[in-house]
Amino acid sequence: MAKRFSGVPFEADREVPGLIVKFGDYPLHHGGVGAIRSLGRLGVPMYAITEDRYTPAAASRYLERAFVWPTTGTEEPGRLVEGLLRVGRRIGRPTVLIPTDEEAAVLIAEHQDVLGSRFLFPRVEPKLPRHLASKQGLHELCAEHGIPSPTAAFPQSYDDIVDFAEKARFPIVAKNREAFVRRSRPAVNGTTRIATREGLLTLARDWGERPGVILQEYLPREEAEDWIVHAYFDQDSTPLAMFTGVKVRSWPPHAGMTANAYVVDNPELADIAARFIKQLGFTGIIDLDLRFDRRDGQYKLLDFNPAWAPSSGSSRTSRGWTSSAPCTST
């Protein structure tokens, strides 16, 4: 059941098309396909940017047209903006942008004045999506607004990692720190569980002088539950629709996007999410990953995706998904 807050009935505008926007080479993305099928069944004309003509999104019978535009996510922002405008000119009418990864959401927010000439999307403070997509930025916002999150460290050098390893309680979790940087200079292939001090120091030797990682407290799976929140917030940061649910399985196992979940009405979690978004002043689609820690009874925020990216826990790399073993979603 959807957790609805607005109480306002709505009907799909079938005159305004939607465009699925993502950057990088990861063709097996069920979130984009789900949006195409859901909106297409309502009669909304749907378009998508795809790696080639044979991805699941491109093959959907609910898609009006696939715009084949291979990207890596490491291109100059100006090139990506111009590419989007080119697609908009080919569609030929105002189109709603539906970002399905952090990079797309960040790019749209930071270039909204230019993109607004062709596209429709919620206006947001330009720097906010990048801050939310950053693991360090999210941790800082959680601390500022009283939202529980795992204990974390943000090493600036190998020496910082050595100092951390002396005091840390293992296992720990390592994640790439920033959107875009995870594509150009990934420190780890995905959310990575590190079991020992020696294992951390061995991995860290390849992270360079300024390691782009977050080292995070591991919340044991046997003592926790994985929860997700999907919602849309209007220009007043009020939720028009919100879904809460339990994440059962991921792909890759314990480290990737949701492969199986079920909806559970959770008023406490919905209230936490709504209050946080209101404090941030965010507008648009959100996808939150949280872990309920049975040891202290708190929902701890792990990831904030300012885009339709259903509960992704690992980085996306060339032609599919990779992860480092052993690893786990946190």
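(A) Structural view of the packing of helix α7 (residues 135-145) against helix α11 (residues 267-280). In the contact formed by α7 and α11, the axes pass within 11 Å of each other and the chain directions differ by 100 degrees. The angle between α7 and α11 falls in the class roughly perpendicular. Counted together, Leu138, Leu141, Cys142 and His145 of α7 and Phe276, Gln279 and Leu280 of α11 form the full contact between these two elements. Partitioning the contact of α7 with α11 into residue classes produces five nonpolar, two polar and no charged.

(B) Quick look at the packing of aromatic side chains. Overall, the coordinates contain six aromatic pairs when judged by the stated rule. A ring pair is formed by Phe23 and Trp69, whose centres lie 5.9 Å apart and whose planes are at 85 degrees; its orientation type is edge-to-face. One end of the pair, Phe23, is in the loop between β1 (18-21) and α1 (30-41); the other, Trp69, is in the loop between β3 (63-68) and α3 (77-91), and 46 residues separate them in sequence. Judged by its relative accessible area of 0%, Phe23 is buried. The structure contains a cluster of three or more aromatic residues connected by ring pairs, namely Trp227, Phe292 and Tyr299. Between the NZ or CZ atom of Arg193 and the centre of the ring of Tyr218, over which it lies, the distance is 5.0 Å.

(C) Molecular detail of unusual backbone geometry. Residue Pro171 is bonded to the preceding Phe170 through a cis peptide linkage, with omega at 5 degrees. Locating Pro171 in the fold gives a position in the loop between α8 (158-167) and β7 (172-176).

(D) Broad picture of the sheet that holds strand β6 (residues 152-153). What the four strands build is an open sheet, ordered β6-β9-β7-β8; its pairing is antiparallel. Across the chains shown, the open sheet's two edge strands, defined by having one partner strand only, are β6 and β8 (192-194). By the bridge criterion, five bridges tie β7 to strand β9 (residues 213-217) in an arrangement that is antiparallel. Considered in β9, the bridge of Ile172 is made with Glu217.

The rules behind the values
Residues numbered from 1 in each chain as written. Predicted model: local features only at pLDDT ≥ 70, side-chain atom pairs only at ≥ 80, totals over all residues. Heavy atoms only, no water. Axes fitted to C-alpha atoms, helices over the stretch in contact; angles between N-to-C directions. Helix = DSSP H or I, 4+ residues; strand = E, 2+ residues; numbered from the N terminus. Parallel < 35°, antiparallel > 145°, perpendicular 65-115°, else oblique. Contact = heavy atoms within 4.5 Å. Nonpolar A, V, L, I, M, F, W, Y, C, P; charged D, E, K, R; others polar. Phe/Tyr/Trp six-rings, centres within 6.5 Å; stacked < 30°, edge-to-face > 60°. Buried < 20%, exposed > 50% of the residue type's maximum accessible area, 1.4 Å probe, protein only. Lys NZ or Arg CZ within 6 Å of the ring centre and 35° of its normal. Pairing = 2+ DSSP bridges.

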